[in-house]
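# What the coordinates show
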Amino acid sequence: MRGEDKTRVRAQVMDRCVGRWSVSAQACERILEDTLHEERKRLETAPDNALSAAQRARYDALQGVLIRGDAAAQRAALVEVVGAFFDDVVGHFDPRVHALATRLLPVALNGLLRTLSPLRLLDMVVGGSQARLGDQLVLSGHLDDLRALAQRGTIVLTPTHASNLDSVLLGYALHQLGLPPFTYGAGLNLFANPLLGFFMHNLGAYRVDRRKQARLYKDVLKTYAGVSIEQGYHNLFFPGGTRCRSGAVEHKVKLGLLGMGLDAYLHNLRAGRPRPDVFVVPCTLNYQLVLEAETLIRDHLAEQGKSRFIIDDDESTQPKRILDFFTRLFSLESRIHLVIGQPLDVFGNPVTPTGLSLDPRGRVIDRQRYLFIDGVPTSDPQRDAEYTRELGQRITAAWAADTVLQSTQLVSATLWAHLRASNPDLDLYRLLRTGGQGSQVDLVAFYPLLESTLAQCQGLADAGRLRLDPLLRQGDPMAILNDALAHFAVYHTRPALRRRGERLEHVDRHLILYYAHRLRGYDVVPRHVWR
Amino acid sequence: MNATSSTVPSVLVLGGGAFGTALAHILATQQRPVRLWVRRPEVAEAINREHCNATYLPGHALAPTLRATADLAEAVPQAQVLLLAIPSRHFRATARAVGDHLQGHQLVVHVTKGLEQESWLRMSQVLAEECCARKIGVLSGPNLADELMRGQPAGALIASNYDEVSLAMQQLFAGSSLRLYRGRDLIGTEVAGAFKNIVALAAGAVDALGLGANAKALLLTRGLSEMARLGVALGGDVMTFGGLAGIGDLMATCTSPLSRNYQVGQRLARGESLAAISAAMPHVAEGVWATRAVHAQARALGLDLSIVSAIHAFLYEGWSLPDVLQRLSSRPSGEELATMPTH
């Protein structure tokens, strides 16, 4: 964020958050009590350092204000807490570092991932080597529309979220498209990562501390995102929230942050801003192998529905793993597909490259009328939440249709369905643990199953409900299996499966399930196989 | 807290059938700004000239202030609320035509109790496919048009995900003989509306055959259970089926000789053919269409709905009435509540 904008944004965020929570003395007191309670709970497990000590002191003082202070003192405390939260979120931004990071990014990703030596990295930057990431990250979909709309309004890019590499790759892709860095909220743990942190911090990321559960903190985060959109900063939201644990295409989105697009549009209209439009662009990232797959599926299975909200010890925190991941993917010429979806307005209607909203029959509509009450754009929280819920549904539908299925997922889904069918009496966990009857599958029996699953996926692709990697489109089951085996052999601690003569051995069934989950929700394999 | 308009919204009722005309009449009687759209200009002229709808509501005088039109392009943009009372068979085409003139601020409510034949879609889903409307609602309940025209008291549910829709509808009908209750369960309300017409066919037959009050109560109760099972399987709220749009509508439709579907069931039981009945009735018996859609949908969902299956067998599979009754009575009965959806 530009320095001059930061001051203005801070003032607006302060104004809105403080205004919202100080409509009455009671509202102010309640939100401060909630903040005190949540923050003290967080600080109980925070490391003992100067920062924690300062925060504890701050909340001790706040407690004093809550006990003894009058309404004016409590409002002053609210201003102070909101200001502190804002500064936590936005951090210290240096435009010069930002410029350097932007220049570094295209080549540095490759450099970083090839070697951990800063000297080598510098060498590559100076040498201007455009290494191979550009070849392996395949961009497709509505690229031109995204570029065109970024000139006409503010973009909210809404990608799927599988890996901590997502934001880095998205940053790279946006640069390739000639777009400026997008503002986005990244988990605090990513800032601590020596490799990712540098880029996070300097490519428009603001800090989200997921340990902070206070409503006021979340309100500051949301409001900051909204105000930055109003100021014309393109934003990147991960509507699914944290990384998807199961490996499936996400089908639920969090609506709080997503709704800030509509909120910003409404504010822009009411303020009569010259470029009021906000466009939401769904996008999918598709990996043959996922850096953190082992940790994510373990977490998913450990307590289904009670996954750890924060994982700070996974593969993405180990530079060596990131290095291995990329160098090995590169060695296979593996493709990472990034698909830019059909741009939408904040109500979920498709938008033309010239910025016009269309109804389901392709007729041009005047989108601001969705916000009219008595002919004037007006806020109605219940209505607007419902619009955002519908937008969320359209985003998840776009994700499903723009998912690019690859060999590892197709092979895993076929194998998993076969394992379930062969062991009908075993529950999911027992099958995962034991592998059921025998740990090997005859290839002669497997190929027809693979062909059948592929044929169904081709049917979905023909209907526009799924995309296929070029290798899958070619339709040679032997080549597809070999590609999957080659991928599984190079990166994970143990391969998900491997070939033993004319048989297929399932080695890490957790990973098989993780990659198989990509087809969950498409009705390609019977639903019961996932339970 | 949500924002609402400060003025009484203007209404366009689409569809000059019995229910659409009755709703327009009630609103006109309440001095609401309302117009009635009908497909044929001569019908619009007749209504404006004679203040009655001779085809669908013979013998009832319409409010003299109620004006009819056949000009969609002129009428749609002027209305803030559109009330669609169009048979399910013509619903998509009308929604598409309305969509040519619609904008996103307008509220669209339908009162159609049926499902689309080929797609099994509910009418709100058809609307979402055919026009830009988001603020969509459904009005449903025990609302026999003849009684509404007489000003007799009645109640209905207005269900919408948008409070703006349900509040505006309550405001419009406030003070009239039709009392509206708000709800959020669009799916359950639409499923109930379509399903009750199927049970009404059977109820007419049960009465015509003189099977008695016990048999009728058995039919209605088990019919309600099947209705709720389908509704919940499609994402509806089981509580809706205990309300006006569920059991309320079922009671009126299955006990009143004014009900079209009930009449069709009676005549079928007396040996008349469906073709002959349809040819002689100006009204649409939605239950006949809904049976097909619901039967197919239940099968796809793996639901065993015995009453629907029995009516389907009679209407479309050539079974005789005694065979159908025999089939129903020979089924294992099991636990009564075992098949009820849990909340």
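Residues numbered from 1 in each chain as written. Chains lettered and ligands numbered in written order. Predicted model: local features only at pLDDT ≥ 70, side-chain atom pairs only at ≥ 80, totals over all residues. Heavy atoms only, no water.

## Regarding the overall build of chain B
The helix and strand inventory of chain B stands at 15 helices and eight strands. A principal-axis box enclosing the C-alpha atoms of chain B has dimensions of 60 × 45 × 35 Å. For chain B, the proportion of its 343 residues judged to be buried stands at 57%. For chain B, the share of sequence-separated contacts (at least 6 apart) that also reach a separation of at least 24 residues comes to 72%. Counting only carbon and sulfur atoms, one obtains 54% of the accessible surface of chain B, whose full area is about 13,900 Å². (Helix = DSSP H or I, 4+ residues; strand = E, 2+ residues; numbered from the N terminus. Buried < 20%, exposed > 50% of the residue type's maximum accessible area, 1.4 Å probe, protein only. Contact = heavy atoms within 4.5 Å. Areas by Shrake-Rupley, 256 points an atom, 1.4 Å probe, with all protein chains shown as cover.)

## Concerning the domain arrangement of chain A
Segmenting chain A into domains produces domain 1 (3–89), domain 2 (131–182 + 234–401) and domain 3 (404–530). Domain 1 of chain A and domain 2 of chain A are separated by 31 Å when their C-alpha centres are compared. (Domains from an automatic or database assignment.)

## Description of the packing of helix α3 (residues 50–68) of chain A against helix α4 (residues 71–90) of chain A
All names here are of chain A. Contact geometry for α3 and α4: axes closest at 9 Å, N-to-C directions at 160°. Relative to α4, the element α3 lies roughly antiparallel. Here α3 and α4 pass one another in a crossing that is left-handed. Counting all contacts with α3, which are made through Gln55, Arg58, Tyr59, Leu62, Val65 and Leu66, the residues of α4 involved are Ala73, Gln74, Ala77, Glu80, Val81, Ala84, Phe85 and Asp88. Split by residue class, the contact of α3 with α4 holds nine nonpolar, two polar and three charged. (Axes fitted to C-alpha atoms, helices over the stretch in contact; angles between N-to-C directions. Parallel < 35°, antiparallel > 145°, perpendicular 65-115°, else oblique. Left-handed = near helix turned anticlockwise from the far one by under 90°. Nonpolar A, V, L, I, M, F, W, Y, C, P; charged D, E, K, R; others polar.)

## A closer look at the sheet that holds strand β2 (residues 154–159) of chain A
Residues and elements named next belong to chain A. The mixed open sheet is built from seven strands, whose spatial order is β1-β7-β6-β2-β5-β3-β4. Since the sheet does not close on itself, it has two edges, and those belong to β1 (137–141) and β4 (205–208), each with one partner. Across four bridges, the pairing between strand β6 (residues 278–286) and strand β7 (residues 336–340) is antiparallel. From the neighbouring strand, leucine 285 faces β7, where its bridge partner is leucine 338. Contacts from helix α9 (residues 166–176) reach β1, β2, β3 (183–187), β5 (235–236), β6 and β7, with the element oriented near 65° to β1. Taken strand by strand, helix α17 (residues 381–401) contacts β2 and β6, and its axis lies near 35° from that of β6. (Pairing = 2+ DSSP bridges.)

## Quick look at the interface of chain B and chain A
Accessible area lost during the coming together of the parts is what is often quoted as the interface size. Between chain B and chain A, the contact holds 26 residues from the first and 25 residues from the second. The junction of chain B with chain A conceals about 2,000 Å² of combined surface from both sides, 43% of it contributed by carbon and sulfur atoms. Scanning the region where chain B abuts chain A turns up three salt bridges. The partner of Asp100(B) in a salt bridge is Arg363(A), and the shortest N-O contact between them spans 2.6 Å. Summed over the shared surface of chain B and chain A, the number is 13 residue pairs in polar contact (both at pLDDT 80 or more). Mapped by element, the contributors of at least two residues to the side of chain B that touches chain A are α4 (88–99), α5 (123–130) and α7 (163–173) of chain B. Partitioned by chemical class, the residues of the side of chain B that touches chain A number six nonpolar, ten polar and ten charged. (Buried area = accessible area lost by both parts, 1.4 Å probe. Salt bridge = Lys/Arg side-chain N within 4 Å of Asp/Glu carboxyl O. Polar contact = N/O pair within 3.5 Å; in protein donor to acceptor, adjacent residues only side chain to side chain.)

## Structural notes on the pattern of salt bridges
Residue and element names in this part refer to chain A. Within the structure shown, the criterion is met by 43 salt bridges over all chains. The residue arginine 147 makes a salt bridge to aspartate 144 at a minimum N-O spacing of 2.7 Å. Placement of both arginine 147 and aspartate 144 in helix α8 (residues 143–152) is noted, with a separation of three residues, approximately one turn of the helix. Judged by relative accessible area, which is 32%, arginine 147 ranks as partly exposed.

## Section: the sheet that holds strand β5 (residues 107–110) of chain B
Residues and elements named next belong to chain B. Here we have eight strands laid out as an open sheet, ordered β3-β2-β1-β4-β5-β6-β7-β8, and mixed in their pairing. The sheet terminates laterally at β3 (67–69) and β8 (178–183), the two strands that pair on one side only. Each strand of the sheet is rotated relative to its neighbour by a mean of 25°, with strand direction disregarded. Against the sheet, helix α10 (residues 244–255) engages β6 (136–140), β7 (154–160) and β8, with an angle of about 145° to β7.

## Here we look at the nonpolar core
A general trend in soluble globular proteins is that nonpolar side chains are found buried together. Core analysis: the largest hydrophobic core is formed by 208 residues, its most contacted members being Trp416(A), Met169(B) and Phe173(B). Once you skip the residues sitting within four places of it in the chain, Met169(B) turns out to touch Val81(B), Leu83(B), Val109(B), Leu139(B), Ile158(B) and Leu180(B). Ranked by size, the runner-up nonpolar core spans 38 residues in total, among them Ile198(B), Leu201(B), Ala203(B) and Leu305(B). (Core = buried A, V, L, I, M, F, W, Y, C linked by side-chain atoms within 4.5 Å.)

## Observations concerning the pairing of β2(A)
All names here are of chain A. In terms of burial, β2 is largely enclosed, as six of its six residues are buried. What you see with β2 is no split at all: Thr154, Val156 and Thr158 on one side and Ile155, Leu157 and Pro159 on the other are buried throughout. The pairing of β2 with β6 spans six bridges and is parallel. Bridging across to β6, threonine 154 finds its partner in valine 278. Note that β2 and β5 share two bridges and pair parallel. Across the sheet, leucine 157 pairs through a bridge with leucine 236, a residue of β5.

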